[in-house]
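# Commentary on secondary and tertiary structure
These are the residues of each chain, in order.
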Amino acid sequence: MIYSRFKKLLSISLVLWLIGIPLLLYVSPYQIKSFKDDNLKDIITPKKIHNYDNLVHFKYRDPNSTNSYLILKIKHGISKFLVANMLFELFSNNIKIIRIYDRLPFILIKVNTIYELEKLSNLPYIDNLYFDKSFHITWPSFDTKQFSVWANAVSTIDVPKLWEKGFLGDNITIAILDTGVDSSHPDLDDLDDNESTPDYKIIGFKDFINGRDDLNLSDGIDAYDDNGHGTAVAGIISGTGFASNGTYKGVAPHSKILAIKVVDSEGNGNISDLLSGIDFAMKRNVNVLSMSLGAPETKLDPILEAVSLAVSSGIVVVAAAGNDGPYFGTVNSPGIAPASITVAASFGNITLASWSSRGPTILTHYAKPDITAPGVNVITTRAKETLYL
């Protein structure tokens, strides 16, 4: 029993390296799009004096033109469903309940006018209000002029030595929050690369962008990736290497994947959908949660609380540091979360990538990133009809 638990723990530790390699695919903070209206602040904090300063920006606007999505943090111990009912009674048709999160203390709503914002900020059962923000994933640069192809990144971090000891990710499920995963790729379709055995690698697919899913494992999972980013990450994490005759295996080739799509085909995503992805992963009891994406650091960030709750539930959360180097204080969220394992990018074992984000975190002064792994010119799986390698 003790050996079994140690083996599973070591398998999880092995997977902690999985984000470092795909950092080339990370969201470039230079390309992150701000909220649609630059006059809107990131956050409103009820019961504090600067609450009015934030709201005053709306007073010189058309009160009927807001149409903003807000993430409400509900006080601990209060039912989110009860709050949703009270909001409906208080605001009638002036707000719309979009989503009630299950494991996270949040409700996503849409407000129509500035008057709702002022009323919401004073409700005693709401701790904070956050404007939903968007981000954008850019295509990675594959620079063979400055750097050669780093053909086998897993060998760089000595993963084969762990494989020899039997640590290949068995009984480990990894939630990949990204653009989706192409389940038809030969490295990702099953665990043993034998079509006659129904041992599917991808055990579930949830699409928060298009409102689709496939959670019925009996006939395999029909997962897709209309961008390619998520499939590239999945191959580095969990690819079996079948398409390359074993040359390009993932870090944990025996692990299973829960594919959660929180980014659209153009590389755009919203914080509210990222929260939904974390919430769903927690409900499915995954072992590891991978997020090779990010958003600018803010003083109060719902993603940080979501990461903390996920870790408290027993999930290992691994996040990319970012691509905003070489300046200090450039690590992005969720990489800034104290509870996350934040990984910077290097060119093999030679040098830290110049564009890899550096710490410490600006507002909390944490020493981040935590570790470094290959993230430049790494070969991985490509989704059909995309440009990823």
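This section reports on the structure supplied with the text. (Residues numbered from 1 in each chain as written. Predicted model: local features only at pLDDT ≥ 70, side-chain atom pairs only at ≥ 80, totals over all residues. Heavy atoms only, no water.)

## Concerning the overall build of the chain
Helix and strand counts for the chain stand at nine helices and 16 strands. Expressed as a percentage of its 389 residues, the buried residues of the chain come to 56%. Looking at the chain alone, contacts between residues at least 24 apart form 77% of all its contacts between residues at least 6 apart. For the chain, the accessible surface area stands at approximately 17200 Å², while carbon and sulfur atoms represent 52% of it. (Helix = DSSP H or I, 4+ residues; strand = E, 2+ residues; numbered from the N terminus. Buried < 20%, exposed > 50% of the residue type's maximum accessible area, 1.4 Å probe, protein only. Contact = heavy atoms within 4.5 Å. Areas by Shrake-Rupley, 256 points an atom, 1.4 Å probe, with all protein chains shown as cover.)

## A word on the environment of A337
Topologically, A337 is positioned in the loop between β13 (316–320) and β14 (341–347). A C-alpha to C-alpha distance of 7.0 Å links A337 and V307, two positions 30 residues apart in sequence. Those residues within four positions of A337 in sequence are excluded, and the remaining contacts are L304, V307 and K368.

## Points about the pairing of strand β4 (residues 106–111)
The buried count for β4 comes to five of six residues, which makes it a mostly enclosed element. As paired elements, strand β2 (residues 68–74) and β4 share six bridges and run antiparallel to each other. Within the sheet, the bridge partner assigned to I71 lies in β4 and is L108. From the end of strand β3 (residues 95–100) to the start of β4, which pair antiparallel, there are five residues. (Pairing = 2+ DSSP bridges.)

## Remarks on helix α4 (residues 114–121)
Taken as a whole, α4 has its buried residues at I114, E116, L117, L120 and S121. Axial view of α4: buried residues confined to an arc of 155 degrees, hence all on one face. (Arc of directions from axis to C-beta.)

## Observations concerning the pattern of salt bridges
Enumeration according to the criterion identifies six salt bridges in this entry. Measuring nitrogen to oxygen at the nearest pair gives 3.2 Å for the salt bridge that ties D273 to R99. Highlighted residues: D273 in helix α8 (residues 271–283) and R99 in strand β3, separated in sequence by 174 residues. Between K206 and D213 there is a salt bridge whose closest N-O contact spans 3.2 Å. (Salt bridge = Lys/Arg side-chain N within 4 Å of Asp/Glu carboxyl O.)

## So, the packing of aromatic side chains
One pass over the full model with this rule turns up four aromatic pairs. Judged by centre distance (6.5 Å) and plane angle (85 degrees), the rings of F106 and Y130 are edge-to-face. Here Y130 lies in strand β5 (residues 126–131) and F106 lies in strand β4, a separation of 24 residues in the sequence. Given the relative accessible area of 5%, Y130 is considered buried. (Phe/Tyr/Trp six-rings, centres within 6.5 Å; stacked < 30°, edge-to-face > 60°.)

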